[in-house]
Amino acid sequence: MADITDIRRPDDMERITTPELAKAFIDEQVALIKEQVGDKKVLLALSGGVDSSVVAAILIKAIGQQLVCVHVNHGLLRKGEPEQVIKVFRDELNANLIYVDATDRFLDKLAGVTDPEQKRKIIGGEFIEVFAEEARKLDGIEFLAQGTIWPDILESDAGIKAHHNAGGLPEDMNFELVEPVRILFKDEVRVVGKELGLPDNMVYRQPFPGPGLGVRCPGAITRDRLEAVRESDAILREEFEKNGLAGKVWQYFTVVPDFKSTGVKDGKRTFDWPCIIRAINTTDVMEVTVEHLSDELIDHLVNRIISEVPGINRVLFDYTPKPPATVEYE
Ligand code: XMP
């Protein structure tokens, strides 16, 4: 078997833009996976993001129950995400799915940690640890599947970032890699995902950082403030969906910073957090512009967030482009 790192996108490969091309790609990958894996087992960290979801769906088609998916809930996922992963993969695609709710582990480790890079390190490190623990409980796994895509390879070739996925697993966990979307660009992964029958809100999902809502709860994460981020984000996503903005705006989310201001509710003084709305457009995330919402939608969002989200008494809109402001707050 050739080394997987030898597999490169052919220069003359046609861009996958149609269901027919996607189907041909899927059939080819299914045959290759069957040949590579035989009757052995494959492990996959399934985050619910586009890439790992498409990899899971291709592998399920190829080897069914020989694929073991592990979905780690680090407690920093958006509202409804773990439930959707379970519904789509366990209930609908009959996947062999292990769901690990590691919320307490992550939040306990993060308690009191204010430095953004330290937070990222803890989240990344703990993720590997939880995943490795689950892997050790399983017998006979010889392969590790990953959602590496072509831009990841190009960036690691150019020295921009290390080839991200396998990075970090303990050295004794020596798996052979399976990377069925390795030669695809992101738009092609989406076309393939659609052809595999994955739901639109998974296939056309906006970018979401690995450290999740953790970077949208600036400073030391507390459960109550994290919940305010999660609930306000769910309202924003629901309203963007209803108003036809979900597929149009690149990225949109809420942030709940760690300070309080005075307000008044039902004739009583409140002392609560503000909720910041950020909605941006970009092509390459190096430079971003702000999506301007209608006054009517802003009024509606303010109204819903202050009345439905405990702990919020003000809503602010971030009108800052990048540069100078990055997309995320940490
Ligand atoms: P910034 O904040 O750097 O974000 O302007 C650019 C894009 O990258 C995403 N982002 C991350 N993604 N891990 C990720 O997987 C991270 O730590 C991370 N930080 C930022 C961000 O959401 C935006 O799309």
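This structure is a prediction, so every number in the text was calculated from the model and none was measured. (Residues numbered from 1 in each chain as written. Predicted model: local features only at pLDDT ≥ 70, side-chain atom pairs only at ≥ 80, totals over all residues.)

Regarding the overall build of the protein chain
The cut-off we apply is this: For helices the rule is a DSSP run of H or I covering at least 4 residues; for strands it is a run of E covering at least 2, with both sets numbered from the N terminus onward. All radius of gyration figures rest on C-alpha atoms, and the globule criterion is 2.2 Å times the number of residues raised to 0.38. For the purpose of contact definition, each residue receives a C-beta atom placed from its backbone, and two residues are in contact when these atoms lie within 7 Å.
When helices and strands are tallied, the protein chain shows ten helices and ten strands. The C-alpha atoms of the protein chain give a radius of gyration of 21 Å, which matches the 20 Å a tight globule of 330 residues would have. Considering only intrachain contacts with a sequence separation of at least 6, the fraction spanning at least 24 residues in the protein chain is 73%.

Some details on the sheet that holds strand β1 (residues 41–45)
Counted only if it meets this: For two strands to be treated as a pair, DSSP must find at least two bridges joining them. Note on method: axes are straight lines fitted to C-alpha atoms, helices fitted across the in-contact stretch only, with angles between N-to-C directions ranging 0 to 180 degrees.
The strand order across the open sheet formed by five strands is β3-β2-β1-β4-β5, and the pairing between neighbours is parallel. Each edge of the sheet is formed by a strand with only one pairing partner; in this case those strands are β3 (96–101) and β5 (176–178). Between one strand and the next, the sheet's axes are offset by a mean angle of 30 degrees, whatever the strand orientation. Strand direction decides the pairing type here: β1 and strand β2 (residues 67–73), joined by four bridges, are parallel. Looking at β2, one finds that V42 is bridged to L67. Along the sheet face, helix α5 (residues 116–137) touches β1, β2, β3 and β4 (141–145) and points at about 145 degrees away from the line of β2.

Quick word on helix α9 (residues 223–242)
Rule in force here: Take the number of residues in a helix, subtract one, and multiply by 1.5 Å to get its expected span.
Here α9 contains 20 residues, and its C-alpha end-to-end distance of 29 Å stays within 8% of the 28 Å for a straight helix at 1.5 Å per residue. Those residues of α9 that are buried lie in contact with β6 (251–255), β8 (268–281), α10 (295–308) and β10 (312–317). One or two steps after α9, the chain reaches G244, where phi turns positive at roughly 70 degrees.

Re the packing of helix α4 (residues 103–110) against α5
Applied cut-off: Two helices crossing with the near one rotated counterclockwise from the far one by less than a right angle form a left-handed crossing, whereas a clockwise rotation gives a right-handed crossing. For this scheme, ten residues count as nonpolar: Ala, Val, Leu, Ile, Met, Phe, Trp, Tyr, Cys and Pro. Four count as charged, namely Asp, Glu, Lys and Arg, and the remainder, Gly too, count as polar.
With their axes 10 Å apart at the nearest point, α4 and α5 run at an angle of 150 degrees to one another. Crossing of α4 over α5 shows right-handed handedness. Packed against α4, whose contacting residues are R105, F106, K109 and L110, the element α5 presents K119, I122, I123, E126 and V130 at the interface. A class-by-class count of the residues in the contact of α4 with α5 yields five nonpolar, no polar and four charged.

Concerning the pairing of β4
Note: β1 against β4, four bridges, orientation parallel. Residue L43 lies in a different strand from β4, and its bridge partner there is L144. Sheet topology note: the β4/β5 ladder contains three bridges and is parallel. Residue pairing across strands places A145 opposite V178, the latter belonging to β5.

Here we look at the packing of helix α2 (residues 50–63) against helix α7 (residues 186–195)
Where we set the bar: Note on terminology: angles under 35 degrees are roughly parallel, angles over 145 are roughly antiparallel, angles of 65 to 115 are roughly perpendicular, and the others are oblique.
At a minimum axis separation of 10 Å, α2 and α7 run at an interaxial angle of 45 degrees. In terms of axis orientation, α2 runs oblique to α7. The handedness of the crossing between α2 and α7 comes out as left-handed. Contact residues: V50, D51, S53, V54 and A57 in α2; V189, R190, V192 and G193 in α7. A class-by-class count of the residues in the contact of α2 with α7 yields five nonpolar, two polar and two charged.

So, the domain arrangement of the protein chain
A common way to report how large an interface is uses the accessible area buried once the components associate. Worth spelling out the cut-off: Domain segmentation is taken from an automatic or database assignment of domains.
Annotation of the protein chain at the domain level lists domain 1 (4–203) and domain 2 (212–317). The C-alpha centroid of domain 2 is placed 29 Å from the C-alpha centroid of domain 1. Of the residues forming the side of domain 1 that touches domain 2, the biggest block, three residues, is contributed by α5. For the side of domain 1 that touches domain 2, the class distribution of residues is seven nonpolar, three polar and three charged.

Quick notes on helix α3 (residues 81–92)
As a reminder, the rule being used: Around each residue's C-beta, the other C-beta atoms within 10 Å are counted; 20 or more make the residue buried, 12 or fewer make it exposed, and counts in between make it partly exposed. All C-beta atoms are placed from the backbone. The arc in question is the one spanned by the directions pointing from the helix axis to the C-beta atoms.
When the terminal C-alpha atoms of α3 are compared, their 15 Å separation across twelve residues agrees well with the 16 Å that a helix rising 1.5 Å per residue should span. Those residues of α3 lying buried are E81, P82, V85, V88 and F89. Mapping the buried residues of α3 onto a view down its axis gives an arc of 140 degrees, with all of them on the same face. Structural note: α3 exposes D91 and E92 on the side pointing more than 90 degrees away from its buried face. Here the buried face of α3 lies against α2, β2, β3 and α8 (200–203). A positive phi of about 55 degrees marks N94, the residue just after α3.

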